[in-house]
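# Tertiary structure, described
Each chain is listed here by its residues.
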Amino acid sequence: MALIDWTGLDSTFRLDGGTVRLRPPKASDYSEWAAVRAASRDFLQPWEPTWARDDLTRPAFRRRLDAWRRDLEQGLTYPFLVFSNETGALTGGITLSNVRRGVAQVGTVGYWSGVHTARRGHTLTAVKTVSRFAFRTLGLSRLEAACLPSNGGSAALLLKAGFVEEGFARAYLKINGEWRDHRLFGLISRERDQTCPD
């Protein structure tokens with residue numbers, strides 16, 4: 001995929017996952033995004049960095065878009081919102097970030113789901129879809145992901161998506177105001193390992 005497709009977040013680019021579709025976020029997504037995040041605050045906060053006081057405001061959303069745009073222009077981050085193909089509703093988000101080229105060819109997958117659409121397979125499908133995009137379109141060799149030891153649902157999702165648990169990192173990320181240990185997972189491309197999901 002040419003980088004030009006990613007120079008603006010209002011791109012018409014889509015990834016079709018069958019039951020979900022993924023596309024880059026844009027300014028007009030603010031109201032739905034803020035509503036889903038607000039309704040899901042208690043559900044999400046234990047697993048995420050502490051939300052800024054103005055996290056759900058329109059200016060904060062614009063700052064996110066600007067940061068994503070800068071990283072997109074450098075090929076470092078590929079953010080997507082996830083929408084149900086059945087209802088058209090926003091179900092969550094997924095980001096391929098920390099993309100490293102050269103001898104590494106690696107990216108990190110992170111995701112979130114709204115409380116009202118959790119555990120319905122949307123996020124699992126989104127992870128599989130982004131994995132295919134990372135390997136087949138971007139030509140990455142490896143994907144990495146992590147979750148808190150207490151987040152059994154996320155660990156199970158990663159395993160279902162073909163990731164393999166590879167280790168444990170102490171004080172890996174600052175989550176909900178504290179440096180927390182994480183379980184580490186990896187997935188390598190179909191060319192090197194047949195675990196890549198179809």
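Residues numbered from 1 in each chain as written. Predicted model: local features only at pLDDT ≥ 70, side-chain atom pairs only at ≥ 80, totals over all residues. Heavy atoms only, no water.

### Some remarks on the overall build of the chain
Our working definition: Strands are runs of DSSP state E lasting at least 2 residues, helices are runs of H or I lasting at least 4, and numbering of each runs from the N terminus. For the radius of gyration, the atom set is restricted to C-alpha positions; the globular benchmark scales as 2.2 Å times the number of residues to the power 0.38. Only protein chains enter the accessibility calculation, which uses a 1.4 Å probe. A residue is then buried if its area is under 20% of the maximum for its type, exposed if over 50%, and partly exposed in between.
Each helix and strand in the chain was counted, giving five helices and eight strands. When the helices and strands of the chain are read in sequence order from the N terminus, they spell out β-β-α-α-α-β-β-β-α-β-α-β-β. The C-alpha atoms of the chain give 16 Å as radius of gyration, which agrees with the globular expectation for 198 residues (16 Å, within 12%). In terms of overall dimensions, the chain has a C-alpha envelope of 45 × 40 × 35 Å along the principal axes. Every one of the 198 residues in the chain was classed for burial, and the buried ones make up 47%.

### A word on the environment of Arg 62
Checked against the element boundaries, Arg 62 lands in helix 3 (residues 58–73). A C-alpha to C-alpha distance of 29 Å links Arg 62 and Arg 180, two positions 118 residues apart in sequence.

### Notes on the pairing of strand 7 (residues 164–175)
Heads up, the condition is: By the convention used here, strands pair only if DSSP detects at least 2 bridges between them.
Relative to strand 8 (residues 178–188), strand 7 runs antiparallel, the two being bridged by eight bridges. Bridge pairing links Ile 175 to Glu 178 in strand 8. Joining the antiparallel neighbours strand 7 and strand 8 is a turn of two residues, in which Asn 176 adopts a positive phi near 50 degrees.

### Some words on the sheet that holds strand 7
The following threshold applies: Whether two residues are in contact is decided by their heavy atoms: any pair within 4.5 Å suffices. A fitted line through C-alpha atoms represents every axis, and for helices the fit uses only the stretch in contact; the resulting angles, taken between N-to-C directions, go from 0 to 180 degrees.
The strand order across the open sheet built from eight strands is 1-2-3-4-5-6-8-7, with neighbouring strands paired in mixed fashion. Looking at which strands have only one partner, the edges of the open sheet turn out to be strand 1 (15–16) and strand 7. Sheet topology note: the strand 1/strand 2 (residues 20–23) ladder contains two bridges and is antiparallel. Paired with Asp 16 across the bridge in strand 2 is Arg 21. Its contacts with the sheet place helix 5 (residues 152–160) against strand 5 (106–113), strand 6 (142–147), strand 7 and strand 8, and it is angled at close to 15 degrees to strand 8.

### Side note on helix 3
Cut-off, in case you're wondering: Given a helix with a known number of residues, its expected span is that number minus one, times 1.5 Å. Directions pointing from the helix axis toward each C-beta atom define the arc.
Between its first and last C-alpha atoms helix 3 spans 23 Å; for 16 residues at 1.5 Å apiece the expected length is 22 Å, and the two agree. Taken as a whole, helix 3 has its buried residues at Ala 60, Phe 61, Leu 65, Trp 68 and Leu 72. End-on, the buried residues of helix 3 take up no more than an arc of 145 degrees, which puts them together on one face. Buried-residue contacts for helix 3 involve helix 1 (30–39) and strand 3 (78–84). Phi for Gly 75, located one or two positions after helix 3, is positive at around 70 degrees.

### So, the pairing of strand 4 (residues 90–100)
Within strand 4, eight of the eleven residues are buried, which leaves the element mostly enclosed by the surrounding structure. Strand direction decides the pairing type here: strand 3 and strand 4, joined by six bridges, are antiparallel. Residue pairing in the sheet places Val 82 in a bridge with Gly 92 of strand 4. Joining the antiparallel neighbours strand 3 and strand 4 is a turn of five residues, in which Gly 88 adopts a positive phi near 80 degrees. Bridge count between strand 4 and strand 5: seven bridges; the pairing is antiparallel. Within the sheet, the bridge partner assigned to Ile 94 lies in strand 5 and is Tyr 111. Where strand 4 folds back on strand 5, the antiparallel hairpin that results is connected by five residues, among which Gly 102 adopts a positive phi of roughly 65 degrees.

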